[in-house]
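# Observations on chain architecture
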Amino acid sequence: MSNQQSRRRFIAASGTVALTALAGCAGDDDDNGAVEVDDSDDENGTENGDDGSIGEIDEVPVAIEEYLQDAPNYDGTMVDATGEEQVTVSLTDTNVFEPAAIRIDAGTTVEWVWEGGAHNVVSDEDSASDFNSGDVVAEDGTTFDQSFDDDGIQLYYCEPHTAEGMYGAIDVIETED
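As a starting point, this report considers the structure included with it. (Residues numbered from 1 in each chain as written. Predicted model: local features only at pLDDT ≥ 70, side-chain atom pairs only at ≥ 80, totals over all residues. Heavy atoms only, no water.)

## What to know about the pairing of strand E3 (residues 86-92)
Of all seven residues that make up E3, seven are buried, and the element is covered over most of its length. Judged by which residues are buried, E3 turns out to be covered on both faces: Gln-86, Thr-88, Ser-90 and Thr-92 on one side and Val-87, Val-89 and Leu-91 on the other are all buried. Sheet analysis places E3 next to strand E6 (residues 108-115), joined by seven bridges and oriented parallel. Considered in E6, the bridge of Thr-88 is made with Glu-111. Relative to strand E4 (residues 97-98), E3 runs antiparallel, the two being bridged by two bridges. Looking at E4, one finds that Ser-90 is bridged to Glu-98. Hairpin geometry of E3 and E4 is characterised by an intervening segment of four residues between the two adjacent antiparallel strands and by a positive phi of about 60° at Asn-95. (Buried < 20%, exposed > 50% of the residue type's maximum accessible area, 1.4 Å probe, protein only. Helix = DSSP H or I, 4+ residues; strand = E, 2+ residues; numbered from the N terminus. Pairing = 2+ DSSP bridges.)

Here it is as structure tokens:
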């Protein structure tokens, strides 16, 4: 087994433990209707998403896989948030986007929420869309919203934390009618 795979498995296990400890009410809608993600297993041992709720996707587009290879919390999967109108991504005090990778339908709004540290959100030059939250902000509770109306791969980063691997990605797919 390669060091990269071992590192990803360690990070995935660590992330699962951390999410389980912190996710008390995750999966519920917050006050503004945004969806928070709970990717833990249910009591029957099935991964969330088996019943149509938010879950994980193992087949990640190559562009996202390559872009996130140095993101410390990326475990080779992405959150399936298709069917949701709004999805929340946290900017944490450990300098990661949580979750690192998501799949959404075209027309979905992503809300980034500052939960510690000084951050911003900037689209990468290889992103399908240009977006930028502006100057670095250190105030918890700050938000930045971006709607993605067209399909494509959205790649983004936090300017002051690129050396630490603070990268994120969104796979926007066309909604099936």
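## A short note on a negative patch on the surface
Where like charges cluster on the molecular surface, the negative patch consists of Asp-93, Glu-115, Glu-139 and Asp-140. In this structure, Asp-140 sits in the loop between strand E7 (122-123) and strand E8 (143-148). (Patch = residues over 30% accessible without salt bridge, like charges linked within 9 Å, V, L, I, M, F, W, Y side chains within 5 Å. Areas by Shrake-Rupley, 256 points an atom, 1.4 Å probe, with all protein chains shown as cover. Salt bridge = Lys/Arg side-chain N within 4 Å of Asp/Glu carboxyl O. Lys, Arg positive; Asp, Glu negative; His and termini not counted. Charge placed at Lys NZ, Arg CZ, Asp CG, Glu CD.)

## Some remarks on the sheet that holds E3
A sheet is described by the order of its strands in space; here four strands give the open sequence E4-E3-E6-E8, paired in mixed fashion. Only two strands of the sheet have a single partner each, and these edge strands are E4 and E8.

## Here we look at the pairing of strand E10 (residues 167-173)
A large share of E10 lies buried, amounting to five of its seven residues. Pairing analysis gives six bridges linking strand E9 (residues 152-157) to E10, with the strands arranged antiparallel. Opposite Tyr-156, over in E10, you have Gly-168 as the bridge partner.

## Remarks on the sheet that holds strand E5 (residues 101-105)
Taken in spatial order, the six strands line up as E1-E2-E5-E10-E9-E7 in an open sheet, and their pairing is mixed. Because the sheet does not close on itself, it has two edges, and the strands there are strand E1 (55-57) and E7.

## Some remarks on the pattern of salt bridges
Taken as a whole, this structure holds one salt bridge when the rule is applied. The partner of Asp-171 in a salt bridge is Arg-103, with the nearest N and O atoms 2.8 Å apart. Of the two residues, Asp-171 sits in strand E10 while Arg-103 sits in strand E5, which places them 68 residues apart along the sequence. Using a relative accessible area of 8% as the deciding quantity, one classes Asp-171 as buried.

## Considerations on the environment of Gly-76
Tracing the backbone shows Gly-76 in the loop between helix H2 (62-67) and strand E2 (78-80). Along the backbone, Gly-76 and Ile-57 are 19 residues apart, and their C-alpha atoms lie at a distance of 8.9 Å. If we skip the residues at most four places from it in the chain, Gly-76 touches Asp-58, Val-60 and Glu-65. (Contact = heavy atoms within 4.5 Å.)

## Focus: the packing of aromatic side chains
Enumeration over the complete set of coordinates arrives at seven aromatic pairs. Look at Tyr-67 and Tyr-167: their rings are 5.2 Å apart centre to centre, the planes differ by 70°, and that puts the pair in the edge-to-face class. Pair noted here: Tyr-67 is in helix H2 and Tyr-167 is in strand E10, with a separation of 100 residues, a long-range link. On the basis of an interplanar angle of 20° and a centroid distance of 5.7 Å, the ring pair of Trp-112 and Phe-131 is categorised as stacked. Taken together, the residues span a long stretch of sequence, with Trp-112 in strand E6 and Phe-131 in the loop between E7 and E8 at a distance of 19 residues. Considered together, Trp-112 and Phe-131 belong to a single accessibility category, that of buried residues. Of the aromatic side chains, those joined through ring pairs into one cluster are Phe-97, Trp-112, Phe-131, Phe-144, Phe-148 and Tyr-156. (Phe/Tyr/Trp six-rings, centres within 6.5 Å; stacked < 30°, edge-to-face > 60°.)

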